Amino acid sequence: MATTRHKTGADPIIDSKAEAIAELMLEVAQCFFRIRALGQKTGLITSWGGGAFGFMRSLALLGPLTVPQIAQMRPTSRQRMQRLADELAAEGLVEFIENPKHRRSKLVRLTRIGGARYREMNTRLSAIASTMGVALSEADVRKTTDIVRQVSDDVKARS
């Protein structure tokens, strides 16, 4: 394994791969905050930070889910997802239905209006995405996605 080692004062010796991974993590975090700001500006993310689009996307792709199931898919609390579910229900975008597998934990599903809003939001996201990364090939973008997913899975396994 080839490494580049740095030693400055009391700093530990760091190999180049660890340094590269740390830099990737910091760049992903910075990119996330920029994406969140863009999402808030375009309405894909609520003003208080809840991911309405991501919540609705889960329901569109997976069908009705419980709030705890949705929370388990994200690095967030059940309470935060409940707040978002209640907000979306108040707007008529989702509804709570009986859960045949659990008496007290209702399922959340998209309403007809919610499905239409999700498709509209997905179209808006696609339009934004189509103007980004023009210097990158599709293969580069897909490889980057795979790498970020692998790092994310590693972080998830450690938390």
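Above this text you will find the structure in question.
Rules used in this analysis
Residues numbered from 1 in each chain as written. Predicted model: local features only at pLDDT ≥ 70, side-chain atom pairs only at ≥ 80, totals over all residues. Heavy atoms only, no water. Helix = DSSP H or I, 4+ residues; strand = E, 2+ residues; numbered from the N terminus. Buried < 20%, exposed > 50% of the residue type's maximum accessible area, 1.4 Å probe, protein only. Contact = heavy atoms within 4.5 Å. Areas by Shrake-Rupley, 256 points an atom, 1.4 Å probe, with all protein chains shown as cover. Pairing = 2+ DSSP bridges. Axes fitted to C-alpha atoms, helices over the stretch in contact; angles between N-to-C directions. Parallel < 35°, antiparallel > 145°, perpendicular 65-115°, else oblique. Nonpolar A, V, L, I, M, F, W, Y, C, P; charged D, E, K, R; others polar.

A. Summary view of the overall build of the protein. Looking only at helices and strands, the protein features 6 helices and 3 strands. Tracing the protein from N to C terminus, the helices and strands come up as α-α-β-α-α-β-β-α-α. A total of 159 residues make up the protein; the buried ones form 24% of that total. For the protein, the proportion of contacts with a sequence separation of at least 24, taken over those separated by at least 6, is 46%. With the model as given, the accessible surface of the protein reaches about 11,500 Å², and the carbon-plus-sulfur share is 56%.

B. Looking closely at the sheet that holds strand β1 (residues 65–66). Reading across the sheet, the 3 strands line up as β1-β3-β2 and stay open at both edges, with antiparallel pairing between neighbours. Each end of this open sheet is capped by a strand with a single partner; those strands are β1 and β2 (94–99). With 2 bridges connecting them, β1 and strand β3 (residues 102–110) associate as antiparallel partners. Bridge pairing in β3 places Thr66 opposite Leu107. Sheet strands in contact with helix α2 (residues 52–62) are β1, β2 and β3, and its direction is about 95° off that of β3.

C. Highlighting the packing of α2 against helix α4 (residues 78–90). At a minimum axis separation of 11 Å, α2 and α4 run at an interaxial angle of 85°. With respect to their mutual orientation, α2 and α4 come out roughly perpendicular. Contacts between α2 and α4 involve Ala52, Phe55 and Met56 from the former and Met81, Leu84, Ala85 and Leu88 from the latter. Along the lines of polarity and charge, the residues of the contact of α2 with α4 split into 7 nonpolar, no polar and no charged.

D. Spotlight on the environment of Arg83. In this fold, Arg83 is placed in helix α4. Overall, the relative accessible area of 48% leaves Arg83 in the partly exposed class. Considering only alpha carbons, one finds Arg83 and Val67, 16 residues apart in sequence, at a separation of 9.7 Å.

E. Inspection of α2 at higher detail. Those residues of α2 not exposed but buried are Ala52, Phe53, Phe55, Met56, Ser58 and Leu59. Those residues of α2 that are buried lie in contact with β1, α3 (67–72), α4, β2, β3 and α5 (112–130). The first or second residue beyond α2 is Gly63, which carries a positive phi of 85°.

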